[in-house]
Amino acid sequence: MRMVVATDLHGQILPFDYVHAKPFPGGLSKVSTFLKKQRQEAPTLFFDNGDAFQGSPLTFYAHRFFGNKVNPVVEAYNEMGLNGMCIGNHEFNYGLRYLTEIEKQAKFPLLSANIQEQLTGQTKWLPFKVYRFGDWSVGVIALTTPAIEDFDLPWKWKGLKFENPIKVAKNLVSQLKDQKVDVIVVLAHSGIEYDPLKRRRVSESSKENFVYSLATKVPNIDVIVFGHTHRAFGPYKLNNTVLVQPPSYGKGVALIEIADGKVTRVQNVDLYGIEDDPEILDMFWSDHRKTNDWINEVIGIAAEDFVSDTWKLAAEPVSNLYLDVLRYATENEIAMHPPSPFEPITIKKGWLTRRDAFSLYPFDNEPVVLKITGHTLKKALEWNARYYYLVSATPSGSIRPIRHPFVKTYNFETIGGLEVIYDLTEPWGNKVKKAKYMGSELHSRQNYWVSLTSYRASGAGGFTMLKNQPIEFYSPQLLRDYFEKYLSEKGTITPRKERNWWFVANSFTLC
């Protein structure tokens, strides 16, 4: 028999990139073609490893406008005969109520062994499934990153608790072995915190990413298929466990072959160039046209190019635009917002469409205002400074800043309403050289109102000092919606080039 596993689909059903208006080398239409071929050759189980429903303009359009119609990804997976889905962190972006509706629509079970109901202590979803093939069997356990409680505001997962996945896995693997289950496969919606190939840590958080610990601390797991970080990995055998992370967005799948109760082969299959399943294309052609027409609607004008020229070394036009929209949404002066999700963004002069809105705001975050003390705000600014550090001076004597290898782009904050100088030559804990509001240094016991994304207000990215702080304002509308409102009110936007924060080293400005 065979197992096919996709991960981090993020709503990519069709081979089309709506944000860049070009073909996309992935999607469920390609996964479906590959899956049908496998099923022609051998009995095949098909699983999704989480983060399936959120992330593409098509699924967003469906969520916003389709009402009670079945979610497109659920509709596709029902058609493709999905055997089960591991819960991912982005499944909670629209709240637990929406996820419950998804579960009602699905003809496949949702799986997670370490998400429990607070009141009963029982697992919210199925912890595992066992499949029998003649006189041998395969057990599939699902585990979800507990860092969900740091990614989303509490009311999106109210009533749930996230147990330690290593502890849960030890108990379940032992239980399945006692039941004489021959092969154990774990679907883990989590990244790997230590790369055994590079022999170094690759993640700040072992709570968010736990796959290395799972493989080294829990015996008798045959294969771990993981996801979450969108980086293909393996297959790699660690001790007696094979680790594999397939490509995201349907660009590839993991293929596990099992015979006579033993794993015979594990592959990471790249689906580049494979034909698209015409049945999937036909199913969603109407939805595709509606989404594409909607995303191409003009919503504003850019008077000039917005260029991320000094990206993250100092304030610049694109990061200032993020801050302006956040402050517009919250009617508040002090704001912190990531400069861009993954890479520098350039907004071209001319018409702006919803495509630009999705380019700027790929995540479904809402605006939040926290009331925090100057002491807490200073701690957040200090944590922010870890994005860069100094390795050495160049031969000419200038200082060269290096990005911290663990810190993701979206876990650095640009700053509005404050004047902040970071000195990279200072020791950790003392890198904020200046932090002023309205000309005065932050006072440790004075309260300040700070606008943030819901992701950051939850404490994500290691900003634990912000977690559980008083929420003075929250809007259920997305920042992407406020960007449209901002453009509607302004009509034409012009780059704002004010620089109010920057990095220095030995009194020299780094930008």
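Residues numbered from 1 in each chain as written. Predicted model: local features only at pLDDT ≥ 70, side-chain atom pairs only at ≥ 80, totals over all residues. Heavy atoms only, no water.

Student: What's the story with the pairing of strand β8 (residues 128-133) in this structure? I'm lost.
Tutor: Every other side chain in a regular strand lies on the same face of the sheet, so the side chains alternate between the two faces. Pairing between β8 and strand β9 (residues 136-144): six bridges, direction antiparallel. Of the residues in β9, the one forming a bridge with Val130 is Gly139. Remark: two residues form the turn of the hairpin made by β8 and β9, two consecutive strands paired antiparallel; Gly134 in that turn has positive phi of roughly 70°. (Pairing = 2+ DSSP bridges. Helix = DSSP H or I, 4+ residues; strand = E, 2+ residues; numbered from the N terminus.)

Student: Whenever I open this one, the sheet that holds β8 confuses me. Can you help?
Tutor: Strand pairing in a sheet is mediated by backbone hydrogen bonds. Such pairs are either parallel or antiparallel. With mixed pairing, the six strands of this open sheet are ordered in space as β8-β9-β11-β14-β16-β15. At either margin of the open sheet sits one strand with a lone partner, and together these are β8 and β15 (233-238). Taking each pair of neighbouring strands and ignoring which way they run, the sheet shows an average axis angle of 15°. Summarising the sheet, β9 and strand β11 (residues 183-189) pair through seven bridges and their orientation is parallel. When the sheet's bridge partners are listed, Ala142 is paired in β11 with Leu187. Along the sheet, helix α6 (residues 165-178) makes contact with β8, β9 and β11, crossing β9 at roughly 170°. (Axes fitted to C-alpha atoms, helices over the stretch in contact; angles between N-to-C directions. Contact = heavy atoms within 4.5 Å.)

Student: When you look at the packing of aromatic side chains in this model, what are you seeing that I'm missing?
Tutor: Centre-to-centre distance and the angle between the planes together describe a pair of aromatic rings. With the rule as written, the count across this model stands at 35 aromatic pairs. When the centroid spacing of 5.0 Å and the interplanar angle of 85° are considered together, the rings of Tyr387 and Tyr388 count as edge-to-face. Neither residue differs from the other here; Tyr387 and Tyr388 are each classed as buried. Through a chain of ring-to-ring contacts, the aromatic side chains of Phe60, Tyr61, Phe65, Phe66, Trp294 and Phe358 assemble into a single cluster. Its end group placed over the ring of Phe66, Lys69 keeps NZ or CZ at 4.7 Å from the ring centre. Above the plane of the ring of Tyr482 lies Lys485, whose end atom (NZ or CZ) is 5.1 Å from the centre. (Phe/Tyr/Trp six-rings, centres within 6.5 Å; stacked < 30°, edge-to-face > 60°. Buried < 20%, exposed > 50% of the residue type's maximum accessible area, 1.4 Å probe, protein only. Lys NZ or Arg CZ within 6 Å of the ring centre and 35° of its normal.)

Student: I'm lost on helix α2 (residues 57-65) in this one. Help?
Tutor: Count 3.6 residues to each turn of an α-helix, and residues three or four apart come out pointing the same way. All of the buried residues along α2 are Pro57, Leu58, Thr59, Phe60, Tyr61 and Ala62. Here the buried face of α2 lies against α3 (72-80), α9 (285-295), α11 (354-360) and α14 (479-490). Gly67 sits one or two positions beyond α2 and adopts a positive phi of about 65°.

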